[in-house]
Amino acid sequence: EAGVTQFPSHSVIEKGQTVTLRCDPISGHDNLYWYRRVMGKEIKFLLHFVKESKQDESGMPNNRFLAERTGGTYSTLKVQPAELEDSGVYFCASSQRVYQSTQYFGPGTRLTVT
Amino acid sequence: QQQVKQSPQSLIVQKGGISIINCAYENTAFDYFPWYQQFPGKGPALLIAIRPDVSEKKEGRFTISFNKSAKQFSLHIMDSQPGDSATYFCAAPASRNYGGSQGNLIFGKGTKLSVKP
């Protein structure tokens, strides 16, 4: 069974540019989460999809971040325009259920904004 | 804002020794406490998790101890090996009281474990 995949693995962009991150969850997992880890800090929740619907986006930093999940399959996270403080590692995770269900993480996308 | 407090930040242990990492949480939506292990360049991978009905869970050399009244849980790695060198994260489900979705996890800041040969 394929795990959670993310693309790209690393992205370096200039301040003001746009970047789109992609996540492919484990097949059959309705729940998809985005998290971010800024250097030296904890992994922080951004948002949660159940199928194609946004269940909770309370962790999104601001309206420069836009997440979508097409047809309840893969998800994209767009940052537009990127700022220096957006640098970090963005993780995607998926799970079958919400309660007491393992969240499987992807390898992450390291975003560097210069 | 809900927090999970994890300590120590870093830990150096000799091969064969016991590694202990502690976490304290606030209110949670439900009792489910996973520990994740992360190697450089990889995503966090579930190591072991404990659910509400037990105070301890053991899988091989890894044991979670859970104290519900104190809102604390800890990871013990027995007979630590150099291959255990990684960053370890504890986590707890977000609480409704903090506006959590009941699904997302609140993570500790991580413990970087180094096991010396």
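Going by the structure above, here's the rest.
Residues numbered from 1 in each chain as written. Chains lettered and ligands numbered in written order. Predicted model: local features only at pLDDT ≥ 70, side-chain atom pairs only at ≥ 80, totals over all residues. Heavy atoms only, no water.

Structurally, D84 of chain B can be placed in the loop between β8 (72–77) and β9 (86–93). Look past the residues within four positions of D84 of chain B in its chain and what remains in contact with it is Q37, R61, F62, I77, D79, L113 and V115 of chain B. (Helix = DSSP H or I, 4+ residues; strand = E, 2+ residues; numbered from the N terminus. Contact = heavy atoms within 4.5 Å.)

A few words now on the sheet that holds β8 of chain B. Residues and elements named next belong to chain B. Strand order in this open sheet of five strands is β1-β3-β8-β7-β6, and the pairing throughout is antiparallel. Every interior strand has two partners, whereas the edge strands, β1 (4–7) and β6 (56–59), have only one. Strand after strand, the sheet turns through a mean of 15° between neighbouring axes, direction not considered. Bridging between strand β3 (residues 19–25) and β8 involves six bridges; their strand directions are antiparallel. Within the sheet, the bridge partner assigned to A24 lies in β8 and is Q72. (Pairing = 2+ DSSP bridges. Axes fitted to C-alpha atoms, helices over the stretch in contact; angles between N-to-C directions.)

Further remarks concern the interface of chain B and chain A. Each side of the interface is counted separately: chain B has 25 residues, and chain A has 22 residues. Both faces combined, the contact of chain B with chain A buries some 1900 Å², and carbon together with sulfur accounts for 54% of it. Where chain B meets chain A, there are zero salt bridges. Residue assignment for the side of chain B that touches chain A shows that the elements contributing at least two residues are β4 (33–38) and β10 (105–107) of chain B. (Buried area = accessible area lost by both parts, 1.4 Å probe. Salt bridge = Lys/Arg side-chain N within 4 Å of Asp/Glu carboxyl O.)

Residues and elements named next belong to chain A. Sheet architecture is open: four strands sit in the order β1-β3-β8-β7, paired in antiparallel fashion. Edge strands, defined here as strands with exactly one partner in the open sheet, are β1 (5–7) and β7 (65–69). Across the sheet, the mean angle from the axis of one strand to that of its neighbour is 15°, orientation sign disregarded. Taken together, the five bridges between β7 and strand β8 (residues 75–79) define a ladder with antiparallel strand orientation. Across the sheet, the residue bridging to A67 is L77, located in β8.

Fair warning: the whole summary comes from geometry, so function is off the table for now.
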